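So you can see what is in the structure, the chains are spelled out below.
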Amino acid sequence: MNTMIRKSMLSVAGLAFAGGVFAGPIAAHAATPVVDAKPVAVAVQAAAPKPQGDQSHITLNDEQTANVKAIIAATKKAGLPERAAVISIATSLQESKLENLGHLGDANDHDSLGLFQQRPTSGWGTPEQITNPEYSTTAFLKGLKQVDGWQDMPLTDAAQTVQVSAYPDAYAQWEQQATDLVAQYWNS
């Protein structure tokens, strides 16, 4: 039985090959109609990856919503796509819950400030710059643009490469809320 099935499969494959050999040259010489058409550019955007793991969500106040809008505006000004805004907002949700934090004394991680908890001693800018939402977002996006393939990597990997956090997987939990916020405010 095995031999019979194998011979049948080889016969079908042989017929398919022969059909291609004989039809190929004939089809290649068939008259091709002349069409006066211009090429059409088609923009294809890859679907955003599905969020990794369990997702967290917080209710935003007016200040946090204003910071979401500031992050989106800075992303647009930098000429980057929505995915960059999603990564930025998720990062800020993890780092500060979208609050523009000043120095918190002992409750603070070293000298981390602002939406992204950036550190002046690590070269992110002055305390005044880091606590400016447009500046801090632009600084984060500058770091993100230096990450090869950031557009296609999991959000938490892209954010971690820029932020170098002690909790590298924590960014993933905010991806769905960040995606929803960008969808809500990107065109407003």
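First things first, this report covers the structure right here in the doc. Once a new chain begins, its residue numbering starts again from 1 and follows that chain's sequence as written. Local features in this predicted model are restricted to residues of pLDDT 70 or higher, and side-chain atom pairs are both shown and tallied only at a pLDDT of 80 or more, whereas totals for entire chains, interfaces and linings draw on every residue. Excluding hydrogens and water, the side-chain figures rest on all heavy atoms present in the structure.

**A closer look at the pattern of salt bridges**
Put simply, a salt bridge is a Lys or Arg side-chain nitrogen that is within 4 Å of an Asp or Glu carboxyl oxygen. Under the definition given, this model contains two salt bridges. With a shortest N-O distance of 2.9 Å, Glu175 and Arg83 are connected by a salt bridge. Here Glu175, found in helix H7 (residues 175–185), pairs with Arg83, found in helix H3 (residues 82–96); they are 92 residues apart in sequence, far enough to count as distant. Accessibility expressed as a relative area gives 2% for Glu175, which makes it buried. Per the convention used, a helix needs a DSSP run of H or I reaching at least four residues, while a strand needs a run of E reaching at least two, with both numbered from the N terminus. Throughout this description, buried means an accessible area under 20% of the type-specific maximum (1.4 Å probe, protein chains only), exposed means over 50%, and partly exposed covers the range between.

**Looking at the environment of Ala183**
By the secondary structure assignment, Ala183 is in helix H7. Between the C-alpha atoms of Ala183 and Glu82, which are 101 residues apart in sequence, the distance is 8.4 Å.

**Observations regarding the nonpolar core**
If you look at the biggest cluster of nonpolar residues, it comprises 36 residues, and the most contacted ones within it are Ile72, Ile87, Ile89, Leu144 and Trp150. Elements supplying a minimum of two residues to this core: helix H2 (62–77), H3, helix H5 (133–145), helix H6 (155–163) and H7. The biggest single contributor to this core is H3, with seven residues. Contacts are assigned to residue pairs that have any heavy atoms within 4.5 Å of one another. Contacts of Ile89, omitting those with residues within four sequence positions, involve Val68, Ile71, Ile72, Leu98, Ala178, Leu181 and Val182. Only buried residues count toward a nonpolar core, which is a set of Ala, Val, Leu, Ile, Met, Phe, Trp, Tyr and Cys residues joined through side-chain atoms within 4.5 Å.

**Considerations on the packing of aromatic side chains**
Aromatic ring pairs are reported here in terms of the distance separating the ring centres and the angle at which the planes meet. Centre distance within 6.5 Å is the pairing criterion for rings of Phe, Tyr and Trp, where only the six-membered ring of Trp is used; planes under 30 degrees apart are then read as stacked, over 60 as edge-to-face, and the remainder as tilted. As enumerated under the stated definition, the model contains one aromatic pair in all. Between Phe116 and Phe140 the ring centres are 4.9 Å apart and the planes differ by 10°, which places this aromatic pair in the stacked class. In this pair, Phe116 sits in the loop between H3 and helix H4 (127–130) while Phe140 sits in helix H5, placing the two residues 24 residues apart along the sequence. Take Phe116: its relative accessible area is 0%, and that puts it in the buried class. On the basis of relative accessibility, which here comes to 0%, the residue Phe140 falls in the buried class.

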